[in-house]
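Next come the chains, spelled out residue by residue.
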Amino acid sequence: MFYKFLNRGISVKISELHPVAIKYLSNDLEKNYDEAVAERLRVFRNYALLYKRFETDQKRLYMINRNYLSFLKAIIFLYRTSQASVSAGVLTAPEEIYRTINAVNESFQVATESLSLG
């Protein structure tokens, strides 16, 4: 029950940040195709697969949502602080931001592959 309450709070934050992050990445992908941007867009697909798989397990869903929220915040930070594309922003961003994006990307990819979701 406790995790269900926590998931509601995180879901509100995710619903606010998700469209912003998608817009930034999609616009950057349209302007110049960059494999790093395309790879980061795959995180959204992997998140949806993991969410669907664990929507009844509130504890695991909470962990997935926390990681996804960190990913969204990092992507938005890159675009708000960078005048260029996300790939250039990553080079000038603090190391923690870059590490968060890569860690969430990798963990979601490994999870979807190990669960044969994708």
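Residues numbered from 1 in each chain as written. Predicted model: local features only at pLDDT ≥ 70, side-chain atom pairs only at ≥ 80, totals over all residues. Heavy atoms only, no water.

Caption draft 1: Broad picture of unusual backbone geometry. The residue serine 116 is not glycine, and still its phi comes out positive at about 55 degrees. Within the element layout of this structure, serine 116 appears in the segment after helix 5 (95-114). (Helix = DSSP H or I, 4+ residues; strand = E, 2+ residues; numbered from the N terminus.)

Caption draft 2: Inspection of the environment of leucine 29 at higher detail. By the element assignment, leucine 29 lies in helix 1 (residues 2-31). Contact partners of leucine 29, with chain neighbours within four places excluded, come to Asp34, Val37, Ala38 and Leu41. (Contact = heavy atoms within 4.5 Å.)

Caption draft 3: Highlighting helix 5. Under the 1.5 Å per step criterion, the end-to-end length of helix 5 is 28 Å for 20 residues, consistent within 8% with the ideal 28 Å. Residues of helix 5 that are buried: Ile97, Ile101, Val104, Asn105, Phe108 and Thr112. Within helix 5, the buried residues cover an arc of 95 degrees as seen down the axis, which keeps them to one side. Exposed residues pointing more than 90 degrees away from the buried face of helix 5 are listed as Glu95, Glu96, Glu106, Glu113 and Ser114. Those residues of helix 5 that are buried are in contact with helix 2 (35-53) and helix 3 (58-81). At the C-terminal side of helix 5, serine 116 shows a positive phi close to 55 degrees. (Expected span 1.5 Å × (residues − 1). Buried < 20%, exposed > 50% of the residue type's maximum accessible area, 1.4 Å probe, protein only. Arc of directions from axis to C-beta.)

Caption draft 4: How the structure looks around the pattern of salt bridges. Going through the model one piece at a time under the given rule, you end up with three salt bridges. The partner of arginine 42 in a salt bridge is glutamate 35, with the nearest N and O atoms 2.9 Å apart. According to the relative accessible area criterion, arginine 42 is partly exposed, its value standing at 40%. Taking relative accessible area as the criterion, glutamate 35 reaches 41% and is therefore assigned partly exposed. Residue arginine 60 pairs with aspartate 57 through a salt bridge whose shortest N-O separation is 3.6 Å. (Salt bridge = Lys/Arg side-chain N within 4 Å of Asp/Glu carboxyl O.)

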